[in-house]
Structure formats: structure tokens, C-alpha cells
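If you want the building blocks of each chain, they are given just below.
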Amino acid sequence: MTQIKGNSVLITGGASGLGRLMGKMVLEKGSRCLIIWDINEENIRKTKEELQSLGRVEGFRTDVSNAEDVNRQFEETTRICGNVDILINCAGIVTGNKTFNQQTVSEIERTMTINAIAPMLVAQQALPGMLARNHGHICNIASAAGMISNPKMSVYVASKWAVIGWSDSVRIELKEAKSKVRITTIAPYFINTGMFDGVESRIFPILEPEPTARKIIRSIEHDKDFKGLPWSFHFIRLMQGLLPTSWFDTILGKWFGIYSAMDHFTGRKLTASQKPRQNKKAA
């Protein structure tokens, strides 16, 4: 079992939505220090003000898509806060509901970098210390989109498939090394945080943020290897294995409405402070 009490918790994307909720929960459970990494400085300030009565909160404006910024901020984080015991990779984006041929190179690169590469960059900083102490937990928030193909979100789907494959592979590496460091991969369905505003779902309910955050924290505490939310979404994976592709496309894609979920997507618009700073060197 992973203990929240007495341990520091670093959450990327921790100043809004699901990340902020999980931050509040780990403080209520007695975390030694909540560390917020986010690109929105104003949200960091507001979150610190909101949560500081519950315990120690530190915030760092970090562009997780930039390797140099990740390295620099991790060094600063450990200098101020000490060891990172639990890392929750929660930061993510979706750029729109365009078909793949309409995607720009910059949209592809940004989606893959933030959703797939950034969790690796942050874990690469945190993992060596965890291994040296033989203590720690990394939770990677992927998506149910990493388990099923979906039109009008092909690049997002690709990024989340990447996260699931990478995260579970690291889990196996740690298990084979007989390390006590744990990896949890979370694959939630659409969550009602604003990121997927406009999404429509006929069969599977849009997840509410608070119970979803609670289930993720519980999965970390119980050292779950993989958690799909809701549980019924695993039914789709079973159908993928049993049905011919044409049947699956018709029954799950069309009748259940999965393939039309993004038709009326609007999403949450980025503010100026949420946009990455320009850097001459690539991440």
C-alpha cells in the first residue's frame, strides 16, 4: 500500500480541474507537501490560496513540454520541498475535433509532446531518486481513448495509446527489478472538467471530477497497476477482441455513439498564461 500521509506529492496540471481536486484530497490525507506544476501562474496562485489552510503547498510555473524547463524546475522543486515521493502526471491537452488530414504539424507535435512525451520527461527526473530510496509511486493519467480508436481525435488517441504502453512497460521493468517503486496507469472516459466541453455520450456517462479524483487517489493508495474508469468501459476492450471490425464499428461506434462523441466538441480555450513560452531550443 502507498501511504499519502507524510509523503510529498507532485501533480502536473495541478492548478485546475482534476489535478486541483486531487491536490486537495492528498492534503486532506496528510501529505507532507503538495507540489503543483502548472503553466497557468494565476491558477497556481489561486490554488495555493485555496488549499494552504490544509497543509503545505508549493507551486512552480512549468512547461512540461520543454525538457530544459522540466529539469530546471525539478531541481528547484527538490531544493525547496525535498524528495518527491509520489508523482501524478495529470497535465494534458486536446486541440480540437478535426480529422487527421486537417491537423497542422504544430498541433500534432504539441499534442504528442504534452500528452505522451511530457510524462516521460517528468518521470525521468523523479524516478532515479525513487529507485535510490526504493520508495515512490508514479501515477500516469492516460485516457479511455488510449484503449479505443475514435474519429476526430486521432492524434489525441495516439498520444494516450503511447502513455498506456509506456507506463505499463515501466511497471513491468520495475517489477522485474524487484523495486518497491510502483506505477499506476489510469484510463478515464471523458471527464466533466471543461476540457471536453461539447462532447456527447449516449451510453457511457460523462464522469464527474470529484468521484473520479477520489478513485484515482484510491488506486494509488492500493497500488493498482491499471484502472479504467468507469469499470464498464472494459466491456469495449472485450468487444474489440470478440467482434469483427465491421460489427464493432456498427454496434459500438454507431449504435452506441462512440464515433460521434466529438461531433459537437468545443473544448476549453487556452488563456495567454496557459500558452507555452517560446524557446529557441526544442523540448
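Residues numbered from 1 in each chain as written. Predicted model: local features only at pLDDT ≥ 70, side-chain atom pairs only at ≥ 80, totals over all residues. Heavy atoms only, no water.

Of note, N40 is situated in the loop between β2 (33-38) and α2 (41-51). In this structure the side chain of N40 is engaged in a polar contact, spanning 3.1 Å, whose partner is the backbone nitrogen of E42. (Helix = DSSP H or I, 4+ residues; strand = E, 2+ residues; numbered from the N terminus. Polar contact = N/O pair within 3.5 Å; in protein donor to acceptor, adjacent residues only side chain to side chain.)

Turning our eyes to something else, we now look at the sheet that holds strand β4 (residues 86-89). Reading across from one edge, β3-β2-β1-β4-β5-β6-β7 is the order of the seven strands in this open sheet, with parallel pairing throughout. Both outer strands of the open sheet, β3 (57-61) and β7 (226-229), are each paired with one neighbouring strand and no more. Each strand of the sheet is rotated relative to its neighbour by a mean of 15°, with strand direction disregarded. As defined by bridge partners, strand β6 (residues 182-188) adjoins β7 across four bridges and the pair is classed as parallel. Residue pairing across strands places P188 opposite L229, the latter belonging to β7. Packed onto the sheet, helix α1 (residues 17-28) meets β1 (8-12), β2, β3 and β4 and runs at close to 175° relative to β1. (Pairing = 2+ DSSP bridges. Axes fitted to C-alpha atoms, helices over the stretch in contact; angles between N-to-C directions. Contact = heavy atoms within 4.5 Å.)

Another point: the pairing of β4. Across the two faces of β4 the burial is the same, with I86 and I88 and L87 and N89 all buried. Looking at chain direction, β1 and β4 are connected through four bridges and run parallel. Note on β4: the bridge partner recorded for I11 is I88. By the bridge criterion, four bridges tie β4 to strand β5 (residues 137-141) in an arrangement that is parallel. Considered in β5, the bridge of N89 is made with N140. (Buried < 20%, exposed > 50% of the residue type's maximum accessible area, 1.4 Å probe, protein only.)

Tracing the backbone through its elements, the reader meets T193 in the loop between β6 and α6 (209-221). Overall, T193 belongs to the partly exposed group, its relative accessible area being 23%. For the pair formed by T193 and K254, sequence separation is 61 residues and the distance between their alpha carbons is 25 Å.

Applying the stated criterion to the full structure yields three cavities of 30 Å³ or more. As for the largest cavity, its lining consists of T12, V64, N89, C90, A91, I114, N115, A118, P119, V122, I141 and K160. In terms of residues, the lining of the largest cavity owes the most to one element, helix α4 (residues 105-133), which gives five residues. Here the residues of the lining of the largest cavity sort into eight nonpolar, three polar and one charged. Computed from the structure, the second largest cavity encloses a volume of approximately 40 Å³. (1 Å grid on protein atoms, 1.4 Å probe; cavity = no way out; pocket = protein on both sides within 12 Å on 5 of 7 lines; lining within 4 Å. Points joined across faces, edges and corners; volume = space filled by probe spheres on them. Nonpolar A, V, L, I, M, F, W, Y, C, P; charged D, E, K, R; others polar.)

Attention now moves to the nonpolar core. Ranked by internal contacts, the top residues of the largest apolar core, which has 52 residues, are M22, L34, I88, I216, F233 and I236. For this core, the element with the most residues is α1, which contributes five residues. For I236, the residues in contact, after removing those within four places along its chain, are I148, F204, F248, L252 and I258. One finds V64, C81, L121 and V170 within the second-largest nonpolar core, a separate group that totals 25 residues. (Core = buried A, V, L, I, M, F, W, Y, C linked by side-chain atoms within 4.5 Å.)

With that settled, consider a nonpolar patch on the surface. Among the surface-exposed residues, F235, L238 and L242 lie close enough to one another that they form a single nonpolar patch of about 300 Å² accessible area. With respect to the helices, strands and loops of the structure, L242 is situated in helix α7 (residues 234-242). Taking relative accessible area as the criterion, L242 reaches 59% and is therefore assigned exposed. (Patch = residues over 30% accessible without salt bridge, like charges linked within 9 Å, V, L, I, M, F, W, Y side chains within 5 Å. Areas by Shrake-Rupley, 256 points an atom, 1.4 Å probe, with all protein chains shown as cover. Salt bridge = Lys/Arg side-chain N within 4 Å of Asp/Glu carboxyl O.)

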